[in-house]
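Structure at a glance
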Amino acid sequence: MASQTDSTPIYVDPIFHILKIIPFSVLRPPRLRLKLPNLTLPSPMTVFALVLLTYFMVVSGIVYDVIVEPPGIGSTQDPATGSVRPVVFLPGRVNGQYIIEGLSSGFMFVLGGIGIVLMDLALDKNRAKSVKVSYASAGISSLIIAYVMSMLFIRIKIPAYLSELVIR
């Protein structure tokens, strides 16, 4: 086998060689003076808002809602009066939800997260004491509200959740 010493490749197909060489023997590429775009970083609050919105959509079950396409709200017939009542939570099914159920649960999770952020802001040493107390009280109250409502949602969804086991 003979080794090729120069760097020009050998083309087996002559049509490929013609298509590669002939256009560039006549045409010359233009000299472009392109400037790189001047991108600025978004502000920290913009990044926080986007992360919080993404978190809300993920914990709300937006992927489930797009794939399964559940109804926005359910309905059940009242056995006493025969009238139709709206139902927000899909009872008894842990792996299923109505759209409004996912959104309300996601809002409670976000409310708890905002409560943690507010409690963190209350620890800043450069703030006035009244502002720190306001942040701390708003953070603690939103965290408590989010926890109590999430537990209520779970108890509506699963009626026997965390109840005592009575074996008879």
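Bear in mind that the values here come from a model prediction, so they are computed numbers and not experimental data.

1. Some remarks on the overall build of the protein
Across its full length, the protein holds 5 helices and 2 strands. In sequence order, the secondary structure elements of the protein are arranged as α-α-α-β-β-α-α. A compact globule built from 168 residues should have a C-alpha radius of gyration of about 15 Å, whereas the protein, at 31 Å, is more than 25% larger. Projected onto its principal axes, the C-alpha positions of the protein cover 90 × 55 × 40 Å. When the 168 residues of the protein are sorted by exposure, 18% land in the buried category. A total of about 13,900 Å² of accessible surface is found on the protein, and carbon and sulfur atoms cover 69% of it. Averaging the positions of the 14 positive and the 9 negative side-chain charges in the protein gives two centres separated by 12 Å.

2. Describing the nonpolar core
Membership of the largest hydrophobic core is limited to 5 residues, which are Phe-89, Met-108, Leu-111, Ala-146 and Phe-153. Taken together, the elements giving at least two residues each to this core come down to α4 (99–121) and α5 (129–157). Dropping the residues within four chain positions of it, Phe-153 is found in contact with Phe-89, Ser-104, Ser-105 and Met-108.

3. Some words on the packing of α4 against α5
Axis separation between α4 and α5 bottoms out at 7 Å; the angle between their running directions is 155°. Overall, the two elements α4 and α5 adopt an arrangement that is roughly antiparallel. Once α4 is placed against α5, the crossing between them reads as left-handed. Broken down by class, the residue content of the contact of α4 with α5 amounts to 16 nonpolar, 7 polar and 2 charged.

4. A closer look at the pairing of strand β1 (residues 74–77)
As paired elements, β1 and strand β2 (residues 84–87) share 4 bridges and run antiparallel to each other. Within β2, the residue paired with Gln-77 across the bridge is Val-84. If you look at the hairpin formed by β1 and β2, you'll find 6 residues sitting between the two strands, and Gly-82 has a positive phi there, around 85°.

5. Notes on the environment of Arg-33
Mapped onto the elements, Arg-33 comes out in the loop between α1 (14–26) and α2 (44–60). Owing to a relative accessible area of 84%, Arg-33 belongs among the exposed residues under this scheme. For the pair Arg-33 and Tyr-161, spaced 128 residues apart in sequence, the C-alpha to C-alpha distance is 67 Å.

6. Side note on the UniProt feature "transmembrane region" (unreviewed entry) in the protein
Taking the UniProt record as the reference, the feature "transmembrane region" (unreviewed entry) is found at residues 41–64, 98–123 and 135–156. Structurally, residues 41–64 is divided into 83% helix and 0% strand, and its ends, taken at the C-alpha atoms, are 32 Å apart. In residues 98–123, the share of helix is 88% and the share of strand is 0%. The end C-alpha atoms are 39 Å apart.

7. Some points on unusual backbone geometry
Excluding glycine, a negative phi dihedral is what most residues carry, and trans is how most peptide bonds are arranged. Positive phi values are uncommon outside glycine, yet Glu-69 reaches one of about 55°. Relative to the elements of secondary structure, Glu-69 occurs in the loop between α3 (62–68) and β1. By relative accessible area, which is 64% here, Glu-69 ends up exposed.

8. Section: the packing of aromatic side chains
Scanning the entire structure with this criterion turns up 1 aromatic pair. With centroids separated by 4.8 Å and ring planes inclined at 45°, the aromatic side chains of Phe-89 and Phe-153 adopt a geometry described as tilted. Of this pair, Phe-89 sits in the loop between β2 and α4 while Phe-153 sits in helix α5, placing them 64 residues apart in sequence. Accessibility classification places Phe-89 together with Phe-153 in one group, the buried group.

Cut-offs and rules
- Residues numbered from 1 in each chain as written.
- Predicted model: local features only at pLDDT ≥ 70, side-chain atom pairs only at ≥ 80, totals over all residues.
- Heavy atoms only, no water.
- Helix = DSSP H or I, 4+ residues; strand = E, 2+ residues; numbered from the N terminus.
- Rg over C-alpha atoms; globule rule 2.2 N^0.38 Å.
- Buried < 20%, exposed > 50% of the residue type's maximum accessible area, 1.4 Å probe, protein only.
- Areas by Shrake-Rupley, 256 points an atom, 1.4 Å probe, with all protein chains shown as cover.
- Lys, Arg positive; Asp, Glu negative; His and termini not counted.
- Charge placed at Lys NZ, Arg CZ, Asp CG, Glu CD.
- Core = buried A, V, L, I, M, F, W, Y, C linked by side-chain atoms within 4.5 Å.
- Contact = heavy atoms within 4.5 Å.
- Axes fitted to C-alpha atoms, helices over the stretch in contact; angles between N-to-C directions.
- Parallel < 35°, antiparallel > 145°, perpendicular 65-115°, else oblique.
- Left-handed = near helix turned anticlockwise from the far one by under 90°.
- Nonpolar A, V, L, I, M, F, W, Y, C, P; charged D, E, K, R; others polar.
- Pairing = 2+ DSSP bridges.
- UniProt positions renumbered as here; feature names shortened; annotations may be inferred.
- Phe/Tyr/Trp six-rings, centres within 6.5 Å; stacked < 30°, edge-to-face > 60°.

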